[in-house]
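Chain by chain, the residues:
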Amino acid sequence: MKKVLIITYYWPPLGGAGVQRWLKFSKYLPKYDWEPIIYTPENPDFAIEDQSLQKDISPGLVVIKRPIWEPYEIYKTLIGKKGQKVNVSFSEGGKKKSLIHKFSMSVRGNFLIPDPRCFWINPSVRYLKKYLKENPVDAIITTGPPHSMHMIGLKLHKQVHIPWLADFRDPWTNIDFYRELNLSWVADKIHHHQEKKVLSNADKVVSVTPTWCRELAEIAGRTVDLVHNGYDEEDVIPTNKSVDAEFSISHIGSINSDRNPEILWVALSLLLEENEEFRRSLRIKLVGNVEPVVFADLEKYQLTGFVEKVGYLSHQEAVEFQQTSQILLLLINNTPNANGILTGKLYEYIASRRPVLCIGPPESDIANLLKETKSGSIVDFEDVDAMKKVILELFEKYKNNRLQSTAENYEQYSRKAQCGIMAQLLDNITN
């Protein structure tokens, strides 16, 4: 069996979407004759912990943990949250950003290149160079963001000459918040230079959506392979629980200002005024971290009384929650890169076999996948009339006990199947 070293910042007990991809792939890689070895920080700064993910760590998996220093305690001190768990992406809800936020983003973009985990690059290269001499592997994988993981891979690749695959779960200079970094022309040039070096030097480059593959290919002048995130068949096991009695519209995951679905709040407010039966049946369920701007809008449109704030659930609890909801709400950031977003939860939504209602661009990657799998509807960011029409159609089916998923041909998006594609790419660069 060949061995592959996977360099990732996100690993249990961290929770959230960033952990899932390589946690799941590391579980299935041995089925394709690849033994994974994980390299990850010993003391990462994180806001979400999910102990339920520990069950996916295969017995005997080698996990190497090394100390990391990150500047987030400085940021937390500035905002009066020293020692607390906060969103370390320096994000801040609302349209108006504080001076501290703007200053922090400027420091992050101009001096912490490519990201605040940059202090881990050189210590990791020194450690791994020695480790690999004593423990040879056949390939190296880096997964970002944070893109400091790719910089570790770049420096290591030049020194040890082991085949290297760079996995982009999100873009680098095309990511939605890149403009918020308030970059000088020098810093912008450095970001683009580092990105190009990673894309040019890796033996294989992979991303998670067709659009992002095309965008990275244009930057690199080379082919970028597509490996979807997918869903884990072992997670999405049918529950014995009944589907909600009320007309529940559930969102699982965080909602920030870029993802705040004001179009939905407007449409629901109008329907509540027009339809008494709809008023008696509606329930809005929000699972996860929801920023204050969202609750302000819910109050503005008089929807607060219809909202159930569930809070954070473990991954397994979230999967079960999805299967009992009448409708699964999928929100895409209303940002310039929206066409290329394929959220990880989409695949689990589809496999949960409940109708999906998405708000996003009608010509996007996510729209194409919903159409291909016949798993739901998508409404553009500003089309209130279309939103009302779709919700009424779903409500009519709900009243007649016909609100069911029509999803099909989605098995190709299982984690196991997608891991097979990744393993084939590893075979290609090592043969």
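Since the structure is predicted, the reported quantities are computational estimates derived from the model, not experimental observations.

(A) Looking closely at helix H7 (residues 210–220). Taken residue by residue, H7 has Thr211, Trp212, Cys213, Leu216 and Ala220 as its buried positions. Buried-residue contacts for H7 involve strand S5 (164–168), helix H6 (185–201), strand S6 (204–207), strand S7 (225–226) and helix H13 (365–373). Downstream of H7 by a residue or two, Gly221 has a phi angle that is positive, lying close to 70°.

(B) Fine view of helix H4 (residues 121–134). Over its 14 residues, H4 runs 20 Å from end to end, which matches the ideal 20 Å to within 8%, given 1.5 Å per residue. Along H4, the residues that are buried comprise Ile121, Ser124, Val125, Leu128, Tyr131 and Leu132. Each buried residue of H4 lies within a common arc of 135° when the element is viewed along its axis, so the set occupies one face. Exposed positions of H4 whose direction lies more than 90 degrees from the buried face are Arg126, Lys130, Lys133 and Glu134. Buried-residue contacts for H4 involve strand S1 (2–7), strand S2 (34–41), strand S3 (62–66), strand S4 (139–144) and helix H5 (148–160).

(C) Structural context of the environment of Pro36. Mapped onto the elements of the fold, Pro36 is located in strand S2. Judged by relative accessible area, which is 4%, Pro36 ranks as buried. C-alpha of Pro36 to C-alpha of Val63: the two residues are 27 residues apart in sequence and 9.0 Å apart in space.

(D) Just the pattern of salt bridges, in detail. Inspection of the entire model under this criterion finds 20 salt bridges. The partner of Glu234 in a salt bridge is Lys27, with the nearest N and O atoms 3.1 Å apart. Taken together, the positions of Glu234 in the loop between S7 and strand S8 (247–252) and Lys27 in helix H1 (residues 17–28) put the pair 207 residues apart, joining distant regions of the chain. For the salt bridge of Glu246 with Lys285, the shortest nitrogen-to-oxygen distance reads 3.5 Å. Of this pair, Glu246 sits in the loop between S7 and S8 while Lys285 sits in strand S9 (residues 282–287), and the two are 39 residues apart along the sequence. Among the charged side chains, a network of salt bridges with common partners joins Lys24, Lys27, Lys55, Asp56, Asp232, Glu234 and Asp235.

(E) Inspection of a nonpolar patch on the surface at higher detail. On the surface, Trp69, Ile74 and Phe119 cluster together into a nonpolar patch covering about 340 Å² of accessible area. Its location among the elements puts Phe119 in the loop between helix H3 (99–110) and H4.

(F) A look at the confidence of the model for the protein. Mean pLDDT for the protein: 92, with 94% of residues reaching 70 or above. Counting contacts from residues 88–95, a segment whose pLDDT is below 50, to residues more than four positions away or on other chains yields 22 contacts.

(G) A look at the sheet that holds strand S13 (residues 376–379). One open sheet accounts for six strands, arranged S10-S9-S8-S11-S12-S13; its pairing is parallel. With partners counted over all chains shown, the strands left at the sheet margins are strand S10 (307–311) and S13, one partner each. For this sheet, the mean angle separating the axes of adjacent strands, direction not counted, is 20°. Pairing of strand S12 (residues 356–359) with S13 involves four bridges; the strand directions are parallel. Directly across from Val356, in S13, lies its bridge partner Gly376. On top of the sheet, helix H11 (residues 315–323) reaches S8, S9, S10 and strand S11 (327–331); it is set at about 150° to S8, its chief contact.

(H) Local environment of the nonpolar core. Formed by 64 residues in total, the largest nonpolar core has its most connected members in Phe247, Leu268 and Ile391. Among the elements that line this core, the one with the most residues is helix H8 (residues 262–274), at seven residues. Every residue in contact with Leu268, bar those within four places of it in the chain, is listed here: Ile249, Phe278, Leu282, Ile284, Leu303 and Ile391. Membership of the second largest hydrophobic core comes to 61 residues, among which are Ile6, Met151, Leu199 and Val227.

(I) View of unusual backbone geometry. Residues Ile113 and Pro114 are joined by a peptide bond in cis, for which omega reads 10°. Of note, the bond from Pro145 into Pro146 is cis; its omega dihedral lies within 30 degrees of zero at -5°. Looking at the element boundaries, Pro146 is found in the loop between S4 and H5. Of note, the phi angle at His161 is positive, near 60°, even though the residue is not glycine. Relative to the elements of secondary structure, His161 occurs in the loop between H5 and S5. Using a relative accessible area of 62% as the deciding quantity, one classes His161 as exposed.

Rules and cut-offs
Residues numbered from 1 in each chain as written. Predicted model: local features only at pLDDT ≥ 70, side-chain atom pairs only at ≥ 80, totals over all residues. Heavy atoms only, no water. Buried < 20%, exposed > 50% of the residue type's maximum accessible area, 1.4 Å probe, protein only. Helix = DSSP H or I, 4+ residues; strand = E, 2+ residues; numbered from the N terminus. Contact = heavy atoms within 4.5 Å. Expected span 1.5 Å × (residues − 1). Arc of directions from axis to C-beta. Salt bridge = Lys/Arg side-chain N within 4 Å of Asp/Glu carboxyl O. Patch = residues over 30% accessible without salt bridge, like charges linked within 9 Å, V, L, I, M, F, W, Y side chains within 5 Å. Areas by Shrake-Rupley, 256 points an atom, 1.4 Å probe, with all protein chains shown as cover. pLDDT = per-residue confidence, 0-100. Pairing = 2+ DSSP bridges. Axes fitted to C-alpha atoms, helices over the stretch in contact; angles between N-to-C directions. Core = buried A, V, L, I, M, F, W, Y, C linked by side-chain atoms within 4.5 Å.

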